[in-house]
Amino acid sequence: MKSQFFKAAVGAMAAGAFAGAAHAVNDLPGGPAVRQLNLHAAATRIAVEQAWLHWFMLITCIVIFVLVFAVMFYSIWKHRKSKGAKPANFHESVTVEVVWTIIPFIIVIGMALPATKVLVAAKDTSNADITIKATGYQWKWGYDYLGGEGQGISFLATLDSTHREISNNGAQGNVPDNYLLQVDNPVVVPVNKKVRIITTANDVIHAWGIPAFGVKQDAIPGFVRDTWFRSEKTGDFYGQCYELCGKEHAYMPIHVKVVSQQEYTAWVQGEMKKMAAKQDDPNKVWTLTDIVARGEKVYAANCAACHQANGKGAGPIKALDGSPIVLDANKLSSIQILLNGRGAMPAWRQMSDTDVAAVITYTKNAWTNKTGHVVQPAEVLAQRGK
């Protein structure tokens, strides 16, 4: 019986080992490493200085700890009562008081000076080459390029839909190394350029940060904060929202792609062409087939993460398939909800009139919702501001 139990246990451990091997992950350049104990590999000068400060402070504290406790334990052992030690009786030793005042003062100054230097440098957002506003939404980031090359570019960055699908399936099978960190539209910046990040939020407190850059800044509704970085390396760098911002908090990653100046210029030109193509005439009258096809793409990129691809919703996220609001022939309620938000549903005013009309039309005609209703961009435009 014991032998059978032992064989079963060994078999279970072997199966677990093979299963672990199947789900093995590797170090992620620009992100976390397997069994990482130290800070992220630095990609900016500020991050290098922060790593140096980290070790400097740690070693200083360890040395102080060892010295203080060594003296204390030596004194207790050497002058214990069992050896006949007699306690000294003295008061108001000027020498002792001067020593224990000057030494800690020197230590504090020695620790404060380099820390202050790095802190001041980390907050100096002047003379930026590029300025980007990062707006936190539940649960995605919106980016607006406000200054420098690329000014006028604007987009939303949402968790890659394939990663969300992997998560919904229990993270089974082949899980990528950048699991839950890749987004559909990463922030693109050039290498060796000072990038100022202005943070704010649309709903609750979020926080924007990239450990490899040594930056983290809260994004607070109604307030504007800023930080900056200058990456000395190209590649993909990852972070996450660092404030507990709601149930989808774990699905709000930050992805920055650092490229060469030539690649950045090409990216800017491509984005400008995309934006020009998206500036549809709000007075254009769309056919049901065409606007549903566009709405399907908009839904997959922005809505499927919460409402699911089948429109069934989950938990507090209401289902769209069979929803009385979606099925209602009165289109105004659907338009107002999408523009202004309701409950857990955020406002989507940043969408173009055509995209809003397209996604509403898609939900009214997808799954079992075969209403035949069409929402035109002009109807959305008429409801903005109401």
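We now turn to the structure provided with this report. (Residues numbered from 1 in each chain as written. Predicted model: local features only at pLDDT ≥ 70, side-chain atom pairs only at ≥ 80, totals over all residues. Heavy atoms only, no water.)

## Considering the sheet that holds strand E10 (residues 253-259)
1) Next: Within the open sheet, the three strands sit side by side as E4-E10-E9. Their pairing is mixed. Where the open sheet ends on each side, the last strands, each with one partner, are strand E4 (187-190) and strand E9 (235-240). Strand-to-strand twist in this sheet, taken as the mean axis angle between neighbours without regard to direction, amounts to 25°.
2) Next: Both E4 and E10 contribute to a ladder of four bridges, which runs parallel. By the bridge assignment for E10, Pro190 is matched with Val259.
3) Next: Its contacts with the sheet put helix H5 (residues 261-278) on E4 and E10, and the angle it makes with E4 is roughly 135°. (Pairing = 2+ DSSP bridges. Helix = DSSP H or I, 4+ residues; strand = E, 2+ residues; numbered from the N terminus. Axes fitted to C-alpha atoms, helices over the stretch in contact; angles between N-to-C directions. Contact = heavy atoms within 4.5 Å.)

## Things to note about the packing of helix H9 (residues 332-340) against helix H10 (residues 353-365)
1) Next: Following both chains from N to C, one finds H9 and H10 inclined at 125°, their axes separated by 10 Å at the closest point. When the axis of H9 is compared with that of H10, the two are oblique. You can see that H9 and H10 cross each other, and the crossing is right-handed. On H10, the residues that touch Ser334, Ile335, Leu338 and Leu339 of H9 are Val356, Val359, Ile360 and Lys364.
2) Next: For the contact of H9 with H10, the residue count by class is six nonpolar, one polar and one charged. (Parallel < 35°, antiparallel > 145°, perpendicular 65-115°, else oblique. Left-handed = near helix turned anticlockwise from the far one by under 90°. Nonpolar A, V, L, I, M, F, W, Y, C, P; charged D, E, K, R; others polar.)

## Some points on unusual backbone geometry
1) Next: The omega angle of the peptide bond from Gln138 to Trp139 is 5°, so this bond is cis rather than trans.
2) Next: Note on placement: Trp139 falls in the loop between strand E1 (130-137) and strand E2 (140-147).
3) Next: A positive phi is found at Arg35, a non-glycine position, where the angle reads about 55°.
4) Next: Assignment of secondary structure puts Arg35 in the loop between helix H1 (2-22) and helix H2 (45-78).
5) Next: Note on Arg35: relative accessible area 75%, which makes it exposed. (Buried < 20%, exposed > 50% of the residue type's maximum accessible area, 1.4 Å probe, protein only.)

## What about helix H6 (residues 288-302)?
1) Next: End to end, H6 covers 21 Å across 15 residues, agreeing with the expected 21 Å (1.5 Å per residue, within 8%).
2) Next: Among all positions of H6, only Ile291, Val292, Arg294, Gly295, Val298, Tyr299 and Asn302 are buried. Buried positions in H6, seen along its axis, are confined to an arc of 165° and lie on one side of it. In H6, the exposed positions that point more than 90 degrees away from the buried face belong to Thr289 and Lys297.
3) Next: Residues of H6 that are buried make contact with strand E3 (154-157), H5, helix H7 (304-307) and H10. (Expected span 1.5 Å × (residues − 1). Arc of directions from axis to C-beta.)

## Overview of the sheet that holds strand E5 (residues 195-201)
1) Next: In space, the five strands of this open sheet follow the order E3-E2-E1-E5-E8, with mixed pairing throughout. Each of the sheet's edge strands pairs with one partner strand only, and the pair in question is E3 and strand E8 (225-229). Ignoring which end each strand starts from, the neighbouring axes of this sheet average 25° apart.
2) Next: Where E1 meets E2, seven bridges bridge the pair, whose relative direction is antiparallel. Paired with Thr135 across the two strands is Gly142, which belongs to E2.

## Quick notes on the pairing of strand E7 (residues 215-219)
On a regular strand, one side chain projects to one face of the sheet and the next to the other, so that they alternate.
1) Next: Of the two faces of E7, the one holding Val215, Gln217 and Ala219 is buried and the one holding Lys216 and Asp218 is not buried anywhere.
2) Next: Sheet analysis places strand E6 (residues 206-210) next to E7, joined by five bridges and oriented antiparallel. Across the sheet, Ala207 pairs through a bridge with Asp218, a residue of E7.
3) Next: Joining the antiparallel neighbours E6 and E7 is a turn of four residues, in which Gly214 adopts a positive phi near 70°.

## Observations concerning H9
1) Next: Three or more residues of H9 are buried, namely Ser334, Ile335, Gln336, Ile337, Leu338 and Leu339.
2) Next: As for H9, its buried residues are in contact with helix H8 (324-327), H10 and helix H11 (377-383).
3) Next: A positive phi of about 80° marks Gly341, the residue just after H9.

## Points about the nonpolar core
1) Next: Core analysis: the largest hydrophobic core is formed by 37 residues, its most contacted members being Tyr143, Tyr145, Trp208 and Val256.
2) Next: With four residues, the single largest contributor to this core is E10.
3) Next: Core analysis: the next-biggest nonpolar cluster, separate from the first, contains 27 residues, Leu156, Trp286, Leu338 and Trp348 among them. (Core = buried A, V, L, I, M, F, W, Y, C linked by side-chain atoms within 4.5 Å.)

## Let's talk about the state of the cysteines
1) Next: Inspection of every chain in the model, using the stated rule, returns zero disulfides.
2) Next: Free of any disulfide, Cys303 has its nearest cysteine sulfur in Cys306, 8.6 Å distant.
3) Next: Exposure remark for Cys303: the relative accessible area of 11% places this residue in the buried category.
4) Next: Of the residues examined, Cys306 reaches a relative accessible area of 25% and is grouped as partly exposed. (Disulfide = S-S within 2.5 Å.)

By themselves these figures say nothing about function.
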